[in-house]
Amino acid sequence: MFRLAAVIYILLGATLAGIFIIAALTVGMDTAQPIIYAAVAGFVVALPVSWVVAKQIKG
């Protein structure tokens, strides 16, 4: 199950990081520091989410 979660994390981490960056830019945070924080937050949030999705797929 770890391999499945890792594959899902690769896709989900990039997607959530992108969503968080777009949200930060929409709010008006257009300097480098908030954008980096948003990207890191997206990758961190993707860890437990990918594990839950892998459990749901595995059944």
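Within each chain, residues carry numbers counting from 1 in the order of the written sequence. In view of the model being predicted, local features appear only for residues whose pLDDT reaches at least 70, and side-chain atom pairs are presented and counted only at 80 or more, with totals across whole chains, interfaces and linings using the full set of residues. To obtain the side-chain values, all non-hydrogen atoms of the structure were used and water was disregarded.

**Student:** It is not clear to me how helix α1 (residues 2–27) should be interpreted in this structure. Could you clarify?
**Tutor:** Here a helix means four or more residues in a row that DSSP labels H or I, a strand means two or more in a row labelled E, and each is numbered from the N terminus. What a helix should span is 1.5 Å times the count of its residues minus one. Here α1 spans 36 Å end to end across 26 residues, near enough to the 38 Å set by a 1.5 Å rise per residue. We define the bend at any residue as the angle between the axes fitted to the seven residues before and including it, ending there, and the seven starting there. Of all the bends in α1, the largest measures some 30° and sits at Y9. Residues count as neighbours in contact if any of their non-hydrogen atoms are within 4.5 Å of one another. Contact partners of the buried residues in α1: α2 (32–58). Two residues or fewer after α1 comes G28, characterised by a positive phi angle close to 110°.

**Student:** I tried to follow α2 on my own but got confused; where do I start?
**Tutor:** Between its first and last C-alpha atoms α2 spans 39 Å; for 27 residues at 1.5 Å apiece the expected length is 39 Å, and the two agree. At L47, α2 shows its largest kink, close to 30°, and the proline P48 lies no more than four residues downstream. All of the buried residues in α2 are P34, A38, A39, G42, A46, S50 and A54. Contacts from the buried residues of α2 go to α1. Taken from the residues just after α2, G59 is the one with a positive phi, measuring 85°. Exposure classes here rest on a 1.4 Å probe applied to the protein chains alone. A residue is buried below 20% of its type maximum, exposed above 50%, and partly exposed in between.

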